[in-house]
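# A closer look at the structure
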Amino acid sequence: MRGISAFGAGAALWLATATAGMTAPSLTVLCGVDEVWCAAMQKAYEAKTGLEIAMTRMSTGDILNQIRAEKAAPTVDVWWGGTGDTHLQAGSENLLEPYQPAHERDMLPWAQNFFAMSGGRSAGIYAGALGFAYNADLLRAAKLPAPTCWKDLTDIAYRGRIQSGNPNSSGTAFTTLATLVQLFGEEEAFRYLAALNRNIERYTSSGSAPVKAAARGEVLIGISFMHDAVTQKEAGSPLVIVAPCEGTGYEIGAVSIVKGARHVEEAKRFVDFALSPEGQATGAAAGQNQVPSNAMASLPLAAPDISLIKMVDYDFATFGSPEERSRLLERFDAVLSATN
């Protein structure tokens, strides 16, 4: 028994020593962009600072829900990426910490406007237009017409051939919902969504998943941000990318410090890096095609020219309101229940 006790004591001492030698991350980040970019950003920041950070990829709506749930005791320091209206919702709920970034004056006008709208709680890091993409090989094989407009997607020819995100979890899909309301008016938008629902094969939790599925040939059409479709096309997939004829919405992806962050000074340094030309270059290096917000950053060669796309005057203030988000999501869920 003494031998067993001695072994147990030795094991306990080893465990205590090993645990003491382990270092906790210097920063915890929830990432709302593509997994590849999350990993590239983590690697770049750790190489620059010599610090270890924890980076977890989640859909934008899920990030908002986690930050809400942890309001009394946050485990997250920074929310990096994901649609800006969701950041605005968090800011209006007093879940984010104001911060004046080092590179704010270098931001393009749309990013400066977004920063002012957020009350200094969120900074725009990229922009991208909403659209959809179809798999040209599948379209040809099925002998179907090529869709060019939002309303084309309700054609019975596309029954079970479309994927879109679920706006309850996906920031991309909430942008889609808000865009349609602004394009068509609320009543017509929800009639459209009811008709579109009959053609939806699956609602995904991630906003980029639909075009990835279309790129793999698993579905004909994916509704996503156009830059996500460009990334798939650049990788060799037979996607045709469509800016809908009626017009479309866009996102401003953002970065925010969580109120009550445990590592607030390091969080500020991360935000400064995310807004720097060096930090924004990690997107293009990871094969992403958003338009960066820093005027000194290089534009990815394949990034869609959003100046040539017919855009709605996206109302970030209204659709960044928690009340409006909750109301629209409740109505969206009711439409799905009624038409399924």
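Just so it is clear, the structure is predicted and the values come from calculations on it, not from any experiment. (Residues numbered from 1 in each chain as written. Predicted model: local features only at pLDDT ≥ 70, side-chain atom pairs only at ≥ 80, totals over all residues. Heavy atoms only, no water.)

Counting 40 residues, the largest nonpolar core has Trp 150 and Leu 153 as its most contacted members. Secondary-structure elements contributing two or more residues to this core are strand S5 (122-135), helix H7 (171-184), helix H8 (186-197), strand S8 (221-225), strand S10 (250-258), helix H13 (316-319) and helix H14 (322-339). Residue-level mapping places this core at the junction of two domains, with at least three residues from each of domain 1 (4-127 + 251-303) and domain 2 (129-250 + 324-339). Residues within four places of Leu 153 in sequence aside, it is in contact with Phe 132, Pro 147, Tyr 158, Ile 162, Tyr 192, Leu 196, Asn 199, Ile 221 and Ile 223. (Core = buried A, V, L, I, M, F, W, Y, C linked by side-chain atoms within 4.5 Å. Buried < 20%, exposed > 50% of the residue type's maximum accessible area, 1.4 Å probe, protein only. Helix = DSSP H or I, 4+ residues; strand = E, 2+ residues; numbered from the N terminus. Domains from an automatic or database assignment. Contact = heavy atoms within 4.5 Å.)

A few words now on helix H11 (residues 264-275). The end-to-end C-alpha separation of H11 is 17 Å, in line with the 16 Å expected for twelve residues at 1.5 Å each. Taken together, the buried positions of H11 are Glu 266, Ala 267, Phe 270, Val 271, Asp 272, Phe 273, Ala 274 and Leu 275. (Expected span 1.5 Å × (residues − 1).)

Here the focus is helix H10 (residues 226-234). With seven of its nine residues buried, H10 lies for the most part within the structure. On its buried face, H10 is in contact with S5, helix H9 (209-215), S8, strand S9 (239-242) and S10. Just downstream of H10 lies Gly 236, where phi reads positive at about 110 degrees.

Before going further, it helps to examine the state of the cysteines. In the structure shown here, the tally under the stated rule is two disulfides. Each disulfide pairs two cysteine sulfurs, and for Cys 31 the partner residue is Cys 38, the sulfurs being separated by 2.0 Å. Across the disulfide from Cys 31 to Cys 38, rotation about the S-S bond amounts to roughly -85 degrees, and the bridge is consequently left-handed. Each of the two residues, Cys 31 as well as Cys 38, counts as buried. Note that Cys 149 is cross-linked by a disulfide to Cys 245, the S-S spacing being 1.9 Å. Here the disulfide of Cys 149 and Cys 245 is right-handed, its torsion about the S-S bond being about 120 degrees. Taken together, the residues Cys 149 in the loop between helix H6 (136-142) and strand S6 (162-165) and Cys 245 in the loop between S9 and S10 connect sequence positions 96 residues apart. The exposure class assigned to Cys 245 is partly exposed, which follows from its relative accessible area of 42%. Once the disulfide-bonded cysteines of the protein chain are ranked by sequence position, their pairing pattern turns out to be 1-2, 3-4. (Disulfide = S-S within 2.5 Å.)

Time to look at the domain arrangement of the protein chain. Interface size is commonly expressed as the accessible area that is lost once the parts come together. Looking at the protein chain, the domain boundaries give domain 1 (4-127 + 251-303) and domain 2 (129-250 + 324-339). For domain 1 and domain 2, the distance between their C-alpha centroids amounts to 28 Å. At the interface, 21 residues of domain 1 touch 18 residues of domain 2. For the pair domain 1 and domain 2, the two sides together bury roughly 1,400 Å², of which 46% comes from carbon and sulfur. With its nearest N and O atoms 2.7 Å apart, the salt bridge here joins Lys 212 to Asp 34. Applying the counting criterion to the domain 1 and domain 2 interface returns eight residue pairs in polar contact (both at pLDDT 80 or more). Secondary-structure elements contributing two or more residues to the side of domain 1 that touches domain 2 are helix H3 (60-69), helix H4 (84-92) and S10. Sorting elements by how many residues they give to the side of domain 1 that touches domain 2 places H3 first, with five residues. Here the residues of the side of domain 1 that touches domain 2 are counted per class, giving four nonpolar, eleven polar and six charged. (Buried area = accessible area lost by both parts, 1.4 Å probe. Salt bridge = Lys/Arg side-chain N within 4 Å of Asp/Glu carboxyl O. Polar contact = N/O pair within 3.5 Å; in protein donor to acceptor, adjacent residues only side chain to side chain. Nonpolar A, V, L, I, M, F, W, Y, C, P; charged D, E, K, R; others polar.)

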